[in-house]
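Residue-level structural notes
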Protein chains: 2
Amino acid sequence: MQPRVLIIGCGFGGLEAARALQGSSVDVTVVDRNNHHLFQPLLYQVATAGLSAPSIAAPIRSLFRRQGQVTILLGEVLDIDVTRRQARLKDGQCLSYEHLIVAAGATHAYFGHEDWAAHAPGLKTLSDAFEIRRRLLLAFEAAEREDDPQRRADLLRFVVIGAGPTGVELAGTMAEIARHTLPGEFRRIDTRSAKIILIEGGERVLASMPSALSQSAQRQLQALGVDLRLHTRVSAIDARGLDASGPEGPYRIDSSCVVWAAGVAAVPLGRQLAQACALVPDRAGRVPVQPDLSLAGHPEIQVIGDLAAAHSHVPGQPPTPVPGVSPAAKQMGRAAAANLLRRLSGRATRAFRYRDFGNLATLGRHSAVVDLGTPLGPLRFSGYPAWLFWLFAHVYFLIGFRNRLVVLLDWAWAYWTHERHARVVSDLRPR
Amino acid sequence: MQPRVLIIGCGFGGLEAARALQGSSVDVTVVDRNNHHLFQPLLYQVATAGLSAPSIAAPIRSLFRRQGQVTILLGEVLDIDVTRRQARLKDGQCLSYEHLIVAAGATHAYFGHEDWAAHAPGLKTLSDAFEIRRRLLLAFEAAEREDDPQRRADLLRFVVIGAGPTGVELAGTMAEIARHTLPGEFRRIDTRSAKIILIEGGERVLASMPSALSQSAQRQLQALGVDLRLHTRVSAIDARGLDASGPEGPYRIDSSCVVWAAGVAAVPLGRQLAQACALVPDRAGRVPVQPDLSLAGHPEIQVIGDLAAAHSHVPGQPPTPVPGVSPAAKQMGRAAAANLLRRLSGRATRAFRYRDFGNLATLGRHSAVVDLGTPLGPLRFSGYPAWLFWLFAHVYFLIGFRNRLVVLLDWAWAYWTHERHARVVSDLRPR
């Protein structure tokens, strides 16, 4: 019997871990609650109708078609019994393991305001993306049919909360749609009169990037027509808009389309697992891990990706927290698989070291910021060259040859025509 | 003021009518309950994960981008007040018209068994296609996790009811998926053991085609592994399967995925409009029209496409019923627009004449039947050449250059790899 490895979640971390175990003498089962691996960095393009869902979602099964020792199961893990070494699925079925890699990821967090979720969807899954696409496109449709100028203005006011990479990309693309894609298609409204408001509690956009790039991103966003409101907090969200509070005091924003990009937290499975192992999850619900990504007292369990409160270990330097980005998840996936194989062969595991190759974000047509770490020091640039770099980097990392080709074709088409081909709303009922 | 023309529905008929009015001195409003024109002949490919939704759905607005006199409104028409010349939308708004073209189409009909709809979805809209895709793919996923052989066999039994073009295409493609796409991706089940049952009440498949082609289609379906049951009727459908009755008597089929392709009827708007005009709708709820496609006593109203009980008029021959196929809807759309312009300029309208260029259906990889009318008599062929003809005909008629390119690329990819790229289920909850 080969050792049985269970991997929970097939995002960037789980997928890399399973791939890294390829060809080893282990029996791998991957369980995910979706049937597809999602290329999340481009999810905002599905939400804004630039890409179709299958362009960025690959069936997990087909990714492991040639790996006979990998079994794929569709199911949602509710909790883990670390004593019996079993993961219990939502429908009651239990999956036994000898070695466990938990890569179940993060979800959007409303920080105690869970009732906001209905009015301001976040962007983590394809369903989320379809819901945002629906609200965005139907707002323009409703405005075309609205005679009252006040209601019409409310319908053409869009709010994105949170100016991290997702919020910035969403706001920039929304502005592009209103200014470049839709004009000429409506007879009664001028879509260029639409307002895109980007709300950020902090003092700058893209807070994880160097300050100079944040400044550049802000200039580019404003050039696209995005109304950026820094130092602004949201105190209430309802079906008709939200209450905000900025440097000028509290005020109201009426809007039919509010998107939440302000926070993520680990999935609930993190807290359950931490408690079961007598560990204390961090504020975001992430599980503290050992330097080799295993859990204290449970060397057979490793936690990676957005679910792990992990540190990067460079000899001679103090450990630094690993950021919640996809390259980090992929590196942790490979490191966890390598440590698992080391342990199986009786060798010592190694501490995880995160290699930061840089950071990039796009802001719409021709606009992006790039911050790369190179052996010669940081390389930072923005604008058109950054946008080209961003485009090729994302297409390069897309899963599957066909997806890359189709996404490039879609973008070439969108670039020349300003058209966004996925402007399809299949279900008009509100969620 | 230009004459105001209202077109209800932007399927093949409504789209052609609006296009044919292009450049005329009329003010056209198109109202549709969806934001996209759907290329229905390829909808079964979305349901069976071969194409993504945006590949066969074009935003209606973008189709009329360069036609400044066409206004597009998203809305569902509930009824028509023929005295006031107003169409009332679901949300209460009324649209006035001077000339009306009604092209609201058909929906699936359960002939008094509306409760079957929940257990056996039909295939008319993108939502329907997503629902069928969900049931089809999740049945294989559930089977991979099922230990009981009986339950597993039930999960791998798929039923299509009705062997018209849609039913035949669905059954053939399902068999292809089970035999060619999925083997090698599952570890516990052999997807080739899946059973695809095609139920037909009549004595042959594709009853609208010549008998020799039906025979050929039946042989091709059986070669694909489809279990064809002719002379068989369905008496009950529930969540776990259906009760059927064939030449061998009544029996039960347990199945987790039943698709309804057995009947269509005009949308309810047909009956309302017929009653308002003191006309008697036919059994399928279609509105009887004059030879020029207008309504008796209401020359300002024309009904076209699947909503019309229309006849083809060839001088010296008795009128023949127009079939409910997309070329007929397109021809009626052009004819209605031409007659409207004739009437506006005081000329006499013309009787509609349907030109039947033939009939074709595909049955899976390399299999199709074609029946063409040519000046030299009928041209009928099947198998691989028919499949190639079918493929290019469908790509040629697809709306929009980009869609054609992407669909060709998708098919070339699927052809070489047997992969179906749209195997994405975004929402796992049952509808």
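Remember, predicted model here, so these are calculated numbers, not experimental data.

So, how was this worked out
- Residue numbers restart at each chain and count upward from 1, following the sequence in its written direction.
- Throughout, the order in which chains and ligands are written sets their labels, letters from A for the former and numbers from 1 for the latter.
- Restriction of local features to residues with pLDDT of at least 70 applies here, the model being predicted, together with a cutoff of 80 or more for giving and counting side-chain atom pairs; totals for whole chains, interfaces and linings are based on all residues.
- Here a helix means four or more residues in a row that DSSP labels H or I, a strand means two or more in a row labelled E, and each is numbered from the N terminus.
- Restricting the calculation to C-alpha atoms gives the radius of gyration, and the globule rule supplies 2.2 Å times the number of residues raised to the power 0.38.
- Buried means a residue has 20 or more other C-beta atoms within 10 Å of its own C-beta, exposed means 12 or fewer, and partly exposed covers the counts in between; C-beta atoms are placed from the backbone.
- Any residue pair is listed as a contact if its two C-beta atoms, each placed from the backbone, are within 7 Å.
- Each nonpolar core consists of buried Ala, Val, Leu, Ile, Met, Phe, Trp, Tyr and Cys residues. Their C-beta atoms, within 7 Å, join them into a set.
- Under the scheme applied, nonpolar residues are Ala, Val, Leu, Ile, Met, Phe, Trp, Tyr, Cys and Pro; charged residues are Asp, Glu, Lys and Arg; polar residues are all the others, including Gly.
- In this description, strands pair whenever DSSP reports at least two bridges between them.
- By the criterion used throughout, a crossover qualifies as right-handed when its path from the first strand across the helix to the second strand runs clockwise, the strands pointing away from the viewer.
- Note on geometry: axes are C-alpha line fits, over the in-contact stretch for helices, and angles between N-to-C directions span 0 to 180 degrees.
- In this scheme the handedness of a crossing depends on how the near helix is turned from the far one: anticlockwise by less than a right angle means left-handed, clockwise means right-handed.
- Our arc is simply the arc of the directions from the helix axis toward the C-beta atoms.
- To superpose the copies, least squares is applied to the C-alpha atoms of every residue with a pLDDT of at least 70 in both.
- Per residue, pLDDT measures the predictor's confidence, with a range of 0 to 100.

**Quick look at the overall build of chain A**
Within chain A, the secondary structure is distributed over 12 helices and 27 strands. For 431 residues, the compact-globule formula gives about 22 Å, and the C-alpha radius of gyration of chain A, at 22 Å, lands near that figure. Counting over 431 residues, chain A shows a buried share of 51%. For chain A, restricting intrachain contacts to residue pairs at least 6 apart in sequence, the fraction spanning at least 24 positions comes to 62%.

**Describing the nonpolar core**
Within the largest apolar cluster, 272 residues are counted, with the highest numbers of intra-cluster contacts made by Ile 161 of chain A together with Ile 161 of chain B. Not counting residues within four places of it along the chain, the set of residues in contact with Ile 161 of chain B comprises Ala 120, Ile 199, Val 234, Val 258, Val 259, Trp 260, Ala 261 and Ala 262 of chain B.

**Some thoughts on the interface of chain A and chain B**
The interface is formed by 37 residues belonging to chain A together with 37 residues belonging to chain B. Of all the elements in the fold, those that place two or more residues in the side of chain A that touches chain B are helix 3 (53–56), strand 4 (57–59), helix 4 (60–63), strand 5 (70–74), helix 5 (126–145) and helix 12 (401–417) of chain A. If one sorts the elements of the side of chain A that touches chain B by residue count, helix 5 of chain A sits on top with seven residues. Among the residues forming the side of chain A that touches chain B, the class breakdown is 15 nonpolar, 11 polar and 11 charged.

**What about the sheet that holds strand 2 (residues 27–32) of chain A?**
Residues and elements named next belong to chain A. Read across the open sheet, the six strands follow the order 5-2-1-9-21-20; overall the sheet is mixed. Two strands bound the open sheet, and with one partner strand each, they are strand 5 and strand 20 (294–295). The pairing of strand 1 (residues 4–8) with strand 2 spans five bridges and is classified as parallel. Paired with Arg 4 across the two strands is Asp 27, which belongs to strand 2.

**With respect to the pairing of strand 1 of chain A**
All names here are of chain A. Buried residues dominate strand 1, accounting for four of its five residues. In this fold, the crossover linking strand 1 to strand 2 by way of helix 1 (residues 12–20) has right-handed handedness. As judged from the four bridges shared by strand 1 and strand 9 (residues 99–102), these two strands associate in the parallel manner. Within the sheet, the bridge partner assigned to Leu 6 lies in strand 9 and is Leu 100.

**With respect to the environment of Phe 352 of chain A**
All names here are of chain A. When you line up the elements, Phe 352 lands in the loop between helix 10 (326–344) and strand 25 (358–364). When the 27 C-beta atoms within 10 Å are taken as the criterion, Phe 352 is described as buried. Put simply, Phe 352 and Gln 331 are 21 residues apart on the chain and 8.6 Å apart in space, counted from C-alpha to C-alpha. Beyond its immediate stretch of four places on either side in the chain, Phe 352 contacts Pro 291, Asp 292, Leu 293, Ala 310, Ser 312, His 313, Met 332 and Ala 335.

**So, the pairing of strand 2 (residues 27–32) of chain B**
All names here are of chain B. Summarising burial for strand 2: five of the six residues are buried, a large majority. Relative to strand 5 (residues 70–74), strand 2 is paired through five bridges, and the arrangement is parallel. Residue pairing in the sheet places Val 30 in a bridge with Ile 72 of strand 5.

**Focus: unusual backbone geometry**
Residue and element names in this part refer to chain A. A positive phi is found at Ala 278, a non-glycine position, where the angle reads about 60 degrees. If you trace the backbone, Ala 278 turns up in the loop between helix 9 (269–276) and strand 19 (287–288). Its 11 C-beta neighbours within 10 Å are what place Ala 278 among the exposed residues. Notably, Leu 293 is not glycine yet its phi reads approximately 80 degrees, a positive angle. Looking at the secondary structure, you find Leu 293 in the loop between strand 19 and strand 20.

**Points about the sheet that holds strand 5 of chain B**
Residues and elements named next belong to chain B. Spatially, 5-2-1-9-21-20 is the arrangement adopted by the six strands of the open sheet, whose pairing is mixed. What marks the edges here is a single partner per strand, and that holds for strand 5 and strand 20 (294–295). Sheet topology places strand 9 (residues 99–102) next to strand 21 (residues 298–303); three bridges connect them, and they run parallel. Bridge assignment links Leu 100 to a residue of strand 21, and that residue is Ile 301.

**Observations regarding the packing of helix 1 (residues 12–20) of chain B against helix 10 (residues 326–344) of chain B**
All names here are of chain B. Where helix 1 meets helix 10, the axes come as close as 7 Å, and the angle between the chain directions of the two elements is 35 degrees. The way helix 1 lies across helix 10 gives a crossing that is right-handed. Note on element contacts: helix 10 touches helix 1 through Ser 326, Ala 329, Lys 330, Met 332, Gly 333, Arg 334, Ala 336, Ala 337 and Ala 338, opposite Phe 12, Gly 13, Gly 14, Leu 15, Glu 16, Ala 17 and Ala 20. Here the contact of helix 1 with helix 10 is built from residues that sort into nine nonpolar, four polar and three charged.

**Thoughts on helix 9 (residues 269–276) of chain B**
Residues and elements named next belong to chain B. Among all positions of helix 9, only Leu 269, Gly 270, Leu 273 and Ala 274 are buried. Burial along helix 9 is one-sided: seen end-on, the buried residues are contained in an arc of 130 degrees. Elements in contact with the buried residues of helix 9: strand 6 (77–81), strand 9, strand 18 (264–266) and strand 19 (287–288). Directly after helix 9, the chain includes Ala 278, whose backbone phi takes a positive value near 60 degrees.

**Structural notes on the relation of the copies chain A and chain B**
With an RMSD of 0.0 Å, the operation that places chain A on chain B is a rotation of 180 degrees combined with a shift of 0.0 Å along the axis. Given the turn and translation reported, the copies of this chain are related as if by a two-fold rotation axis. Measuring from the rotation axis to each C-alpha of chain A, the shortest distance belongs to Ser 52 of chain A, at 3.4 Å. The overlap is high: 100% of the interface residues of chain A also sit at the interface in chain B, so the same surface is used on both sides.

**Description of the environment of Val 267 of chain A**
By the element assignment, Val 267 of chain A lies in the loop between strand 18 (264–266) and helix 9. Once the C-alpha coordinates of Val 267 of chain A and Gly 122 of chain A are considered, the two residues, 145 residues apart in sequence, prove to be 14 Å apart.

**Notes on the environment of Ile 80 of chain B**
Residues and elements named next belong to chain B. Mapping Ile 80 onto the fold places it in strand 6. Each C-alpha atom of the pair Ile 80 and Cys 277 lies 10.0 Å from the other, and the pair is 197 residues apart in sequence. Contact partners of Ile 80, with chain neighbours within four places excluded, come to Ala 87, Gln 272, Leu 273 and Ala 276.

**Overview of the confidence of the model for chain A**
Across chain A, the average pLDDT comes to 91, with 98% of residues at 70 or higher. In the predicted complex, the global pTM is 0.91; the interface-specific ipTM is 0.87.

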